Amino acid sequence: MKILVCEPGKHPYVKDIEHTLENLQAEVDGYIQAIYPFEEEVGVIVNEEGLFRDDLAWNRTVEKYGPIKGTFFVCGLGFEDFTGLTDEQIEKYKTLFWEPEIFIPTPNGMVVLHIVD
């Protein structure tokens, strides 16, 4: 299945993986959690324990959810399971997540800087 992988500090890229729980967990380095910030039939798959793990770097802000730690990926949603993305979805979410972000903690909260090419 075709997914869009977003790693901290990098541009997103397309990856074709076999659809198994082990492969999904390997992409996010742990147990998976699906979040659904968009109206479109896509899911953002994150590390379930990401916010509590010090060994994962801050990655990007995802609308309606806030900052995400560690690698995450975007995939399609089928009737009962995750599916691969269409080419149109890949382009849409690659554009959305193209700019890596840097998170700087301050006494007043987190400051987010976008890294522009």
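For the structure itself, look to the data block above.
Not measured: the values here are computed from a predicted model.

Q: Which parts of the structure should I look at to understand the side chain of Lys69?
A: Locating Lys69 in the fold gives a position in strand S6 (residues 66–69). For Lys69, which is buried and forms no salt bridge, the nearest opposite charge comes from Asp54, at a distance of 4.5 Å. Reaching out from Lys69, the side chain makes a polar contact with the backbone oxygen of Arg53 at a distance of 2.6 Å. Here Lys69 is in contact with Gly50, Leu51, Arg53, Asp54, Leu56, Ala57, Trp58 and Asn59, once residues within four sequence places are set aside.

Q: How should the pattern of salt bridges be read in this particular structure?
A: Side-chain pairing between opposite charges can occur once the charged atoms of the two side chains come close. The full count for this structure, using the stated rule, is six salt bridges. A salt bridge links Asp29 to Arg53; the shortest N-O distance between them is 2.8 Å. Placement of Asp29 in the loop between helix H1 (21–28) and strand S3 (32–35) and of Arg53 in the loop between strand S4 (42–47) and strand S5 (58–62) is noted, with a sequence separation of 24 residues between them. Overall, Asp29 belongs to the partly exposed group, its relative accessible area being 44%. The salt bridge involving Asp55 is made with Arg53; its shortest N-O contact spans 2.8 Å. Asp55 gets classed as exposed once you look at its relative accessible area, which sits at 58%.

Here is what the cut-offs are and how they apply
- Throughout, a residue's number is its position along its own chain's written sequence, starting from 1.
- This being a predicted model, a pLDDT of at least 70 is required before a residue's local features are given, and a value of 80 or more before pairs of side-chain atoms are given or counted; all residues contribute to the totals for chains, interfaces and linings.
- Water and hydrogen atoms play no part in the side-chain values, which are based on all heavy atoms of the structure.
- Helix and strand definitions here come from DSSP, where helices need a minimum of 4 consecutive H or I residues and strands a minimum of 2 consecutive E residues; each element is numbered from the N-terminal end.
- Classification of residues uses two cut-offs on accessible area relative to the type maximum, computed with a 1.4 Å probe and protein chains only: under 20% is buried, over 50% is exposed, and between them is partly exposed.
- Two residue types count as positive, namely Lys and Arg, and two as negative, namely Asp and Glu; His and chain ends fall outside the count.
- The term salt bridge refers to a pairing of a side-chain nitrogen on Lys or Arg with a carboxyl oxygen on Asp or Glu at a separation within 4 Å.
- Distance and chemistry together define a polar contact, namely a pair of N or O atoms within 3.5 Å, with one atom able to donate a hydrogen and the other to accept it when in protein, and with adjacent residues in sequence counting only for side-chain atoms on both sides.
- Residue contacts are defined here by distance: any two heavy atoms, one from each residue, within 4.5 Å place the two residues in contact.

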